[in-house]
Amino acid sequence: MEINSGDTAWILASSALVLLMTPGLALFYGGMTRAKSVLNMMMMSFGALGLVSVLWMLYGYSLAFDDDAFGGLVGGLGKIGLKGTLTGVSGTLPETVFASFQLMFAVITVALVSGAIADRAKFGAWMVFAGVWATLVYFPVAHWVFAFDTDTTKGGWIANQLGALDFAGGTAVHINAGAAGLALALVLGKRKGWPRESFKPHNLPLVLLGAGMLWFGWFGFNAGSAVAANNTAGIAFINTQVATAAAVLSWLVVEKVRDKHATTLGGASGAVAGLVAITPACGSINPLGALIVGLLAGAVCALAVGLKYRLGFDDSLDVVGVHLVGGLAGSLLIGLLATDTVVADTNGLFYGGGLGLLGKQFVASFAVLAYSFILTYIIGFIINKTMGFRVDEEAEITGIDTAVHAESAYDFVSGSSIRSGAVGGPAPAGINDQSVREAAPAGKE
């Protein structure tokens, strides 16, 4: 195929949009934590952005998109170091453009996991985990789901052999990250004081700003997954907007009925839940189906975030309730709502297609869930037993930001610095971490 300049321009723009989602996630997660751990939370996203980008260039792209190897578990090493991609063509795109677009998916998937272990993880241990998890979990699953090939013996088993539908990553990104978040939350255990103490978001404007950036970037995530500037991209775009808007409304209705208040945190969370659920389905359902997906996702995820209190696992920022549950909902609803007016020769149960597609969606979803959960638990357990994954109790209580990063997000003492070795010398006499904390306004810790 010849390279199409319009397709190339759209996917380059989409790649930038998806990249923006990781800083958006950092703000979304950072605002949801306590003031004394916001920097650590945001650093986990930015750390993933740096590390995964390097690993993707070295071998990640090859493991995800080279021909089947190692029994079909993962791609081969033929594209290691991006070998052959500088002059290669993928569909109507330069292969470097396709590789760049898929890189951004790898980055944000790793970053999503971090929300489950907010307020208690060592940054160094997180970085080791991020590298190992990307290598052993994300890259293989991306091969299963995203590696299509006209020769079905070369592509991923979910994409080519099973024939399950996942337009933009409901399995590879959201179910994958949600299952990993659950496993890590179990490995690290509960935060000190949870659930007795209230762990309220310290900065809701940051949460809303982050959610807005995610919503904006998600158009690249979903519509860009058409890998062309065409009608499919347009369908994915409008479906993304409709489902997200509907999820905001349904989450707020659940809150109003259950808690008598519709909250800003609920609105932001509902938007993310809708985005998650429509991700796998946006290229196979019509706008009416997108409305149904959004309404169900917002309500179901609003109820699901309470499961951690019932079942006793401390998923700090509701990665399980939003990404795992939302990803499962969106993936399974394809089996009901897919229509051949969008994807030729493909109908879900509600359009006379029977149970066949639903069965494929079930197998794909729970295969990824099981693989991610088991591998993540093993990786997290080994890291925890060797270098230790959790900060000590004192650091958790006084604040990870100052204990691990020697920084504070908010300087409550004008003109002071709490950085060790900062330019201009140490902090002025009498100014130390404890005095900064004592100067903080009520509620900032």
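Just so it is clear, the model here is predicted, and its values are computed rather than measured.

Draft legend 1. Looking closely at the overall build of the chain. Helix and strand content of the chain: 16 helices and four strands. Here the chain has a C-alpha radius of gyration of 22 Å; the compact-globule value for 445 residues is 22 Å, and the two agree. Seen through its C-alpha atoms, the chain measures out along the principal axes to roughly 70 × 55 × 40 Å. Among the 445 residues that make up the chain, the fraction classed as buried is 56%. Counted over contacts in the chain with a minimum sequence separation of 6, partners at least 24 positions apart contribute 75%. For the chain, the computed accessible surface area is about 17,300 Å², with 66% contributed by carbon and sulfur atoms.

Draft legend 2. Broad picture of the packing of helix α6 (residues 170-188) against helix α13 (residues 356-386). For the pair α6 and α13, the least separation of the axes is 8 Å and the interaxial angle reads 35°. The crossing of α6 and α13 is right-handed. Where α6 abuts α13, its residues Thr171, Ile175, Asn176, Ala179, Ala180, Leu182, Ala183, Leu184, Leu186 and Val187 lie against Ala364, Ser365, Val368, Leu369, Ser372, Phe373, Thr376, Tyr377, Gly380, Phe381 and Asn384. Residue composition of the contact of α6 with α13, grouped by class: 14 nonpolar, seven polar and no charged.

Draft legend 3. Broad picture of the pattern of salt bridges. Counted under the stated rule, the structure contains seven salt bridges. Among the salt bridges present, the one from aspartate 119 reaches arginine 191, with a minimum N-O distance of 3.2 Å. Taken together, the residues span a long stretch of sequence, with aspartate 119 in the loop between α3 (95-113) and α4 (123-146) and arginine 191 in the loop between α6 and α7 (204-223) at a distance of 72 residues. For the pair aspartate 119 and arginine 191, a shared accessibility class is recorded, and that class is buried. A salt bridge links arginine 191 to aspartate 314, with the shortest nitrogen-to-oxygen separation between them at 2.8 Å.

Draft legend 4. The arrangement of helix α8 (residues 231-259) in detail. The terminal C-alpha atoms of α8 lie 42 Å apart, and with 29 residues this matches the ideal 42 Å at 1.5 Å per residue to within 8%. You can read the cap of α8 off the contacts: a side-chain oxygen lies 3.2 Å from the backbone nitrogen of threonine 232, and it is on asparagine 230. One or two residues past the end of α8 sits lysine 260, with phi positive at roughly 70°.

Draft legend 5. Summary view of the packing of α8 against helix α10 (residues 287-304). Their axes nearest at 7 Å, the elements α8 and α10 cross at an angle of 35°. Taken as a pair, α8 and α10 cross one another with a handedness that is right-handed. Here α8 contributes Ile238, Asn239, Val242, Ala243, Ala246, Ala247, Ser250, Trp251, Val254 and Arg258 to the contact with α10, which in turn contributes Pro287, Ala290, Leu291, Gly294, Leu295, Gly298, Ala299, Cys301, Ala302 and Leu303. When the residues that make up the contact of α8 with α10 are grouped by side-chain class, the tally is 15 nonpolar, four polar and one charged.

Draft legend 6. Structural context of the environment of tyrosine 138. Relative to the elements of secondary structure, tyrosine 138 occurs in helix α4. For the pair tyrosine 138 and asparagine 176, spaced 38 residues apart in sequence, the C-alpha separation works out to 7.6 Å.

Draft legend 7. Structural context of the nonpolar core. Ranked by internal contacts, the top residues of the largest apolar core, which has 98 residues, are Trp56, Trp126 and Phe389. A per-element tally of this core places α4 first, with 15 residues. If we skip the residues at most four places from it in the chain, phenylalanine 389 touches Ile117, Arg120, Ala121, Lys122, Ala125, Trp126, Phe129, Leu184, Leu188, Gly380, Ile383 and Asn384. Counting 19 residues, the second largest nonpolar core, distinct from the first, contains Ala223, Ala226, Ile278 and Leu333.

Draft legend 8. Representation of helix α2 (residues 38-65) within the structure. Along its 28 residues, α2 runs just 35 Å from first to last C-alpha, ending more than 12% under the 40 Å computed at 1.5 Å per residue. Of all the bends in α2, the largest measures some 70° and sits at tryptophan 56.

Draft legend 9. How the structure looks around the state of the cysteines. Applying the stated criterion to the full structure yields zero disulfides. Distance from the sulfur of cysteine 282, which forms no disulfide, to the nearest cysteine sulfur (cysteine 301) is 16 Å. Relative accessible area serves as the criterion here: at 0%, cysteine 282 is assigned to the buried category. Taking relative accessible area as the criterion, cysteine 301 reaches 1% and is therefore assigned buried.

Draft legend 10. Fine view of the environment of alanine 229. Along the polypeptide, alanine 229 turns up in the loop between α7 and α8. On a C-alpha basis, the gap between alanine 229 and tyrosine 371 in space is 34 Å, while along the polypeptide they are 142 residues apart. Sequence-distant contacts of alanine 229, defined by excluding residues within four places in its chain, comprise Gly6, Asp7 and Trp10.

Draft legend 11. Spatial organisation of unusual backbone geometry. Of the consecutive residues tryptophan 194 and proline 195, the connecting peptide bond is found in the cis state with omega at 5°. Relative to the helices and strands, proline 195 resides in the loop between α6 and α7. For aspartate 119, which is not glycine, the phi torsion reads 80° and is therefore positive. Residue aspartate 119 is classed as buried on the basis of its relative accessible area of 4%. Positive phi values are uncommon outside glycine, yet alanine 406 reaches one of about 55°. Classification of alanine 406 by relative accessible area gives partly exposed; the value is 31%.

Draft legend 12. Summary view of the side chain of threonine 346. Among the secondary structure elements, threonine 346 is positioned in the loop between α12 (319-337) and α13. Judged by relative accessible area, which is 15%, threonine 346 ranks as buried.

Draft legend 13. Representation of the confidence of the model for the chain in the model. Confidence in the prediction of the chain, expressed as mean pLDDT, is 92, and 92% of residues score 70 or more. A low-confidence stretch, residues 416-445 stays under pLDDT 50, and its non-local contacts, those more than four residues away or across chains, total 32 contacts.

Cut-offs and rules
Residues numbered from 1 in each chain as written. Predicted model: local features only at pLDDT ≥ 70, side-chain atom pairs only at ≥ 80, totals over all residues. Heavy atoms only, no water. Helix = DSSP H or I, 4+ residues; strand = E, 2+ residues; numbered from the N terminus. Rg over C-alpha atoms; globule rule 2.2 N^0.38 Å. Buried < 20%, exposed > 50% of the residue type's maximum accessible area, 1.4 Å probe, protein only. Contact = heavy atoms within 4.5 Å. Areas by Shrake-Rupley, 256 points an atom, 1.4 Å probe, with all protein chains shown as cover. Axes fitted to C-alpha atoms, helices over the stretch in contact; angles between N-to-C directions. Left-handed = near helix turned anticlockwise from the far one by under 90°. Nonpolar A, V, L, I, M, F, W, Y, C, P; charged D, E, K, R; others polar. Salt bridge = Lys/Arg side-chain N within 4 Å of Asp/Glu carboxyl O. Expected span 1.5 Å × (residues − 1). Polar contact = N/O pair within 3.5 Å; in protein donor to acceptor, adjacent residues only side chain to side chain. Core = buried A, V, L, I, M, F, W, Y, C linked by side-chain atoms within 4.5 Å. Bend = angle between axes of the 7 residues up to and from the residue. Disulfide = S-S within 2.5 Å. pLDDT = per-residue confidence, 0-100.

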